[in-house]
Amino acid sequence: QVHVVESGGGWVQTGGSLTLSCVASGRTLMNDTMTWFRQAPGKEREFVSTIYWGGGGARHADSMQGRVFISRDNVKMTLLLQINDLKPEDTAIYYCAVGPIWASTAPQEYRCWGQGTHVTVSS
């Protein structure tokens with residue numbers, strides 16, 4: 001099993017930036033997909049960004065193109081998500097999830113989730 005813990009959330013004004021972290025433990029990541037999702041109050045969980053742990057395959061939600069950068073440190077077993085030009089609509093709990101190599105952008109395809117980190121963006 002893989003255990004993931006998110007951190008780095010907080011409060012930021014519109015136009016600011018945050019870098020979220022997801023630290024994995026329990027086993028070495030190999031043929032895995034790691035994906036960031038977010039969920040705002042009253043809304044369903046939605047896809048933000050994903051990457052193959054072995055490299056490549058980076059994809060982002062259309063609304064995040066040009067604002068989000070995903071990367072990983074395979075020594076520290078850490079997934080990073082940098083979000084720039086934050087907007088009030090980015091306010092949500094951000095979750096890190098681990099799935100098999102064939103996992104896509106649908107939350108139901110993932111079984112391993114972190115507890116989430118809260119991002120609040122205000123003007």
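Heads up: the structure comes first, above all this text.
Since this is a predicted model, take the numbers as computed values, not measurements. (Residues numbered from 1 in each chain as written. Predicted model: local features only at pLDDT ≥ 70, side-chain atom pairs only at ≥ 80, totals over all residues. Heavy atoms only, no water.)

Caption draft 1: Structural view of a nonpolar patch on the surface. A cluster of nonpolar residues, Tyr52, Ile101 and Trp102, forms a patch on the protein surface that exposes about 340 Å² of accessible area. Counting through the fold element by element, Ile101 comes out in the loop between strand 9 (92–100) and strand 10 (112–113). Residue Ile101 is classed as partly exposed on the basis of its relative accessible area of 40%. (Patch = residues over 30% accessible without salt bridge, like charges linked within 9 Å, V, L, I, M, F, W, Y side chains within 5 Å. Areas by Shrake-Rupley, 256 points an atom, 1.4 Å probe, with all protein chains shown as cover. Salt bridge = Lys/Arg side-chain N within 4 Å of Asp/Glu carboxyl O. Helix = DSSP H or I, 4+ residues; strand = E, 2+ residues; numbered from the N terminus. Buried < 20%, exposed > 50% of the residue type's maximum accessible area, 1.4 Å probe, protein only.)

Caption draft 2: Molecular detail of the pattern of salt bridges. Counting across every chain of the model gives five salt bridges. Across the pair Glu46 and Arg38 runs a salt bridge, and its minimum N-O distance is 2.7 Å. The salt bridge partner of Asp90 is Arg67, with a shortest N-O separation of 2.8 Å. In this pair, Asp90 is assigned in the loop between strand 8 (78–83) and strand 9 and Arg67 in the loop between strand 6 (59–60) and strand 7 (68–73), connecting sequence segments 23 residues apart. On the accessibility criterion, Asp90 (0% relative accessible area) is buried. With relative accessibility at 8%, the residue Arg67 sits in the buried group. Here the residues in one salt-bridge network are Arg38, Glu46, Arg67 and Asp90, joined through shared partners.

Caption draft 3: Just the state of the cysteines, in detail. Applying the stated criterion across every chain yields a total of one disulfide. Put simply, Cys22 and Cys96 are joined by a disulfide, and their sulfur atoms are 2.1 Å apart. When the S-S torsion is -70°, as for the bridge of Cys22 with Cys96, the disulfide is left-handed. Taken together, the positions of Cys22 in strand 3 (residues 18–25) and Cys96 in strand 9 put the pair 74 residues apart, joining distant regions of the chain. One exposure class covers both Cys22 and Cys96, and it is buried. Looking at Cys112, it has no disulfide partner, and the nearest cysteine sulfur is the one in Cys96, 7.7 Å off. (Disulfide = S-S within 2.5 Å.)

Caption draft 4: Highlighting the packing of aromatic side chains. Inspection of every chain in the model, using the stated rule, returns five aromatic pairs. Seen from their ring centres, Tyr95 and Trp113 are 6.3 Å apart, and the 80° between their planes marks the pair as edge-to-face. Remark: Trp113 occurs in strand 10 and Tyr95 occurs in strand 9; sequence separation between them is 18 residues. Judged by relative accessible area, Trp113 falls into the partly exposed class, the value being 23%. Between Tyr110 and Trp113 the ring centres are 6.3 Å apart and the planes differ by 65°, which places this aromatic pair in the edge-to-face class. Take Tyr110: its relative accessible area is 4%, and that puts it in the buried class. Taken together through their ring pairs, the aromatic side chains of Phe37, Phe47, Tyr95, Tyr110 and Trp113 make up a single cluster. A cation sits over an aromatic face here: Arg72 above Trp53, 5.8 Å from the ring centre. (Phe/Tyr/Trp six-rings, centres within 6.5 Å; stacked < 30°, edge-to-face > 60°. Lys NZ or Arg CZ within 6 Å of the ring centre and 35° of its normal.)

Caption draft 5: Representation of the environment of Leu80. Summarising the element assignment, Leu80 is placed in strand 8. For Leu80, a relative accessible area of 29% gives the class partly exposed. In this structure, the C-alpha to C-alpha distance between Leu80 and Met30, residues 50 residues apart in sequence, is 17 Å. With residues near it in sequence (within four places) discarded, Leu80 still touches Thr19, Leu20, Ser21, Trp36, Phe69, Ile70 and Ser71. (Contact = heavy atoms within 4.5 Å.)

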